[in-house]
Structure formats: structure tokens, C-alpha cells
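Observations on the three-dimensional arrangement
Chain by chain, the residues run as shown.
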Amino acid sequence: MFILIVGAGRVGSSVARSALAAGHTVSVLDEDPLSHERLEVGLNTTWEEAGGRFTVGHGMEVDALTEAGIHEADVFIASTDGDNTNLTISQIAQKHYEVEKVIVRVMDPARAAWYREQGLHTICPTQHAIEMFQSALGEIA
Amino acid sequence: MYVIIAGGGKVGWNLARELIAKGNEVTLIENRRMRYLTIEQELEHAIQYGDATELWVLERAGIQRADLTIAVTGDDEDNLLVCQMAKEKYLCERIIARVNNPRNRAWFELLGIQPAVSATDLILRLIEHEVPSYGLVHLLDLRDEQLEIIEVEVGPDSRAANTAVQDMDLPEGALIISLLRGGRGFVPKADTVIEPGDEVLLVLDPGLEDAITEQFASGTRGAA
């Protein structure tokens, strides 16, 4: 499958590496050219030699999305550090580019829940942390 | 009317002032602490501190009873989401969004956020209006109704010059509604002859601008 990941932070770059290792076509889009380095952590080769694609640009720019291959993408992952950017670009990917599977990282549990009801596949790390703390606390107190 | 404004920059603060002066109830939401404290000196309880893209902040401001939500932060994604949640989650009847980067205008339209106001576009439109040689001027766009009203100047050697209205070869979906001549406007009859230098107002279906320019711009007579 062709997977387009916008935002190569800790989460985005790790997901990109594992998806590439699993044999998928992986394209990464990030505003920061230096984020490319993070993709190569733990690799013996460059990201491109390993078969990955990397584009510098913002997830709302048509040119950047096109260059990153959004027209061919089967999966779109929004994992920038901004909830509002993620929610906006994932809706663009879903409604304008009609990417079949769109997954979006949202830190705010309230917005994550509401946008999930609206049909977005949201992942909320904060909600997971809350639940893990609650269960850890439940075991000791 | 109860109005919520997201973003206490120059636009937001001045909008709040004007709306309050006109007798409206206003809550301005600002998430920069220093800015909030400055504005609070003047607006007092009409400003709240917080991130307007968070649901609890919107709810604390009373979004459920807002008649109008205006998002004018410096961030397009924030403006888009504030308006989207106001409209779709809280069923706020009217929204207005600011577009900072005109390239993002299409995304506001895609997600149904209308009207979306872009300062760059407004200034461009003013330039068009001030400089008639620019050709065709948009006077009004009714996006939902899919209609626009435009103004165009008749070039001296255009196809339209010295042609009666009934003999104009206008595309389907275009209608001449008024002529401006010598500072006076009037509704033309079928046999009214369009003169060079006239300004013509037309109602158009969207997308006919090029066909209209062809009829009215200078030098089109020979190209016919």
C-alpha cells in the first residue's frame, strides 16, 4: 500500500520506518528539512536508499501534497504536532483527495471524540495516557 | 445579538469594540496571556482567556446561545476548526472566518466554512475597482446562489461597442442589467446601443468571465 505520512516527529517517523520495513511504499511530508534525519535513526542506509520518499512542505499546500504523492495514497496519516493542522489536513485528504483510509493524531481528548463521531479515525495519545494512569493508580490505591 | 470572536489581534479587538458600541453582546477569546491582560483593561468581562479551538473554552463562552461566531486568529487551521465546530457541533446559525493565506480559501469552501474573508483578496478587489483598465470587476459574488454581478468597461474597438443590446452575442447565463454612461446608470432596452466607454453591469453564472471579457475588451472586434 502507498502510505503518506504528514509530520515526521517521534510518532510519524517511527510509523514511517515500520511501515517501510513491512514492505509498504512510504512517503513522508514535513515542513522541517531537518526532520529527515529522524527518519534514518536506526537505519544503516539513508531513508531514500531504504526506499522511502521525503518531501519538504506544509500539509495544506497543494503542490507539496501532490509532490508527496497524495493522488496515489491509499492511507493518509496526520501526525504533525498541531491538533488543528492534523484535523484540517485529514479532512482535506478525505474529502478532496478521497484517500481511502485517513488516520489522525489528536492530543485533545474532547476534539478527538467529537471528530471520531464525525467519521474521522482519530488516535488520542492523551486519552490512552489518562486510562493507563487511572489503571496504574487503581492497582496501588 | 450575541457574538463570539476567536482571536484578539487587531482585527478581533476592533471588531469587538465596534460590535459592543452597536449594542451587541460580545465575548472575545484570546489565548496569549499578555494580550488578554491588555485587552481586559478595556473590555473587562467581554474577553475570556483560552484556546478557542478547545470545546470547553467555547462552551464557557456560551457558544450554545451564540448568534454569530467569528474566527479571526492568525492561523487558518484554527479559524477553520473554530467555525466548523461552531456550525456543526453547536449549530451556531452564522459564522465568519478569516483566511490569512489566500491559497487556503479552497479548503474553507471544501469544508463548508462560508463566508471566508481574506484581506489579500479584498485589497485585490479594491485594486480592480480603482483601476478600470484591469477589465472585469466583481461587484458581488453570491456563492450559494451561484450568481455573480460584474462590471465591465466597453473598449473602443470591442465587439460590444456600437452594438444594440439585442444584437449582443452573449453566452447563455449572462444578462445585461444596467449601463453606466456619463455618470448616470440606466436599464437598457433591447434596442439600446452600447457605446465605447460605457460601463456595463451583468449578472452571470460563475465561470463566464472569459467569454464576457471577449465581448467587451478592446481589440476583440477584429478577432471575431
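Since we're looking at a predicted model, the values are computed, not measured.

1. Side note on the confidence of the model for chain B
When the pLDDT values of chain B are averaged, the result is 90; 94% of them are 70 or greater. With pTM at 0.77, the complex prediction returns an ipTM value of 0.91.

2. Section: the pairing of strand β4 (residues 75-78) of chain A
Residues and elements named next belong to chain A. Sheet topology note: the strand β1 (residues 2-6)/β4 ladder contains 4 bridges and is parallel. When the sheet's bridge partners are listed, Val6 is paired in β4 with Ala78. Judged from the 4 bridges that link them, β4 and strand β5 (residues 101-105) form a sheet pairing that is parallel. Within β5, the residue paired with Val75 across the bridge is Lys101. The handedness of the β4 to β5 crossover, carried by helix α4 (residues 83-95), is right-handed.

3. A look at helix α1 (residues 10-21) of chain B
Residue and element names in this part refer to chain B. The terminal C-alpha atoms of α1, which comprises 12 residues, lie 17 Å apart, in line with the 16 Å expected from a rise of 1.5 Å per residue. Among all positions in α1, only Gly12, Trp13, Leu15 and Ala16 are buried. Along the axis of α1, the buried positions cluster into a sector of 165 degrees, meaning they face one direction only. Opposite the packed face of α1, turned more than 90 degrees from it, sit the exposed residues Lys10, Asn14, Glu18 and Ala21. On its buried face, α1 is in contact with β1 (2-6), β2 (25-30), α2 (33-43) and β4 (68-71). Where α1 ends, the next residue or the one after it, Gly23, has phi of about 90 degrees, a positive value.

4. With respect to helix α4 (residues 76-88) of chain B
The end-to-end C-alpha separation of α4 of chain B is 18 Å, in line with the 18 Å expected for 13 residues at 1.5 Å each. Counting buried residues in α4 of chain B gives 11 out of 13 residues, a clear majority hidden from the surface. Within α4 of chain B, the full set of buried residues consists of Asp76, Glu77, Asp78, Asn79, Leu80, Leu81, Val82, Cys83, Gln84, Met85 and Ala86 of chain B. Packed against the buried residues of α4 of chain B are α4 of chain A together with β1, α3 (55-60), β4, β5 (94-99) and α5 (105-110) of chain B.

5. Let's talk about the domain arrangement of chain B
Here chain B is described as being made up of domain 1 (2-120) and domain 2 (131-216). A separation of 38 Å is found between the C-alpha centroids of domain 1 of chain B and domain 2 of chain B.

6. Quick notes on the sheet that holds strand β2 (residues 25-30) of chain A
All names here are of chain A. Ordered in space as β3-β2-β1-β4-β5-β6, the 6 strands form an open sheet in which the pairing is parallel. Single-partner strands in this sheet number two, and they are β3 (53-56) and β6 (121-123). Taken over all neighbouring pairs, the strand axes of this sheet differ in orientation by 20 degrees on average, direction set aside. Strands β1, β2, β4 and β5 of the sheet are contacted by helix α1 (residues 10-21), whose axis makes an angle of about 165 degrees with β2.

7. Describing the sheet that holds β4 of chain B
Residues and elements named next belong to chain B. In space, the 6 strands of this open sheet follow the order β3-β2-β1-β4-β5-β6, with parallel pairing throughout. Unpaired on one side and paired on the other, β3 (47-49) and β6 (116-118) mark the two borders of the sheet. Pairwise comparison of adjacent strand axes, ignoring direction, gives a mean angle of 20 degrees for this sheet. Sheet strands in contact with α2 are β2 and β3, and its direction is about 155 degrees off that of β3. Each of β1, β4 and β5 touches α4; the most contacted strand, β5, lies at about 170 degrees to it.

8. Re the interface of chain A and chain B
Of the residues lining the interface, 14 residues belong to chain A; the matching set on chain B comes to 13 residues. Elements supplying a minimum of two residues to the side of chain A that touches chain B: α4 and α5 (109-117) of chain A. It is α4 of chain A that contributes the most residues to the side of chain A that touches chain B, 7 residues altogether. Its residues placed into classes, the side of chain A that touches chain B shows 5 nonpolar, 6 polar and 3 charged.

Calculation criteria
Residues numbered from 1 in each chain as written. Chains lettered and ligands numbered in written order. Predicted model: local features only at pLDDT ≥ 70, side-chain atom pairs only at ≥ 80, totals over all residues. pLDDT = per-residue confidence, 0-100. Pairing = 2+ DSSP bridges. Helix = DSSP H or I, 4+ residues; strand = E, 2+ residues; numbered from the N terminus. Right-handed = clockwise from strand over helix to strand, strands pointing away. Expected span 1.5 Å × (residues − 1). Buried ≥ 20, exposed ≤ 12 C-beta atoms within 10 Å, placed from the backbone. Arc of directions from axis to C-beta. Contact = placed C-beta atoms within 7 Å. Domains from an automatic or database assignment. Axes fitted to C-alpha atoms, helices over the stretch in contact; angles between N-to-C directions. Nonpolar A, V, L, I, M, F, W, Y, C, P; charged D, E, K, R; others polar.

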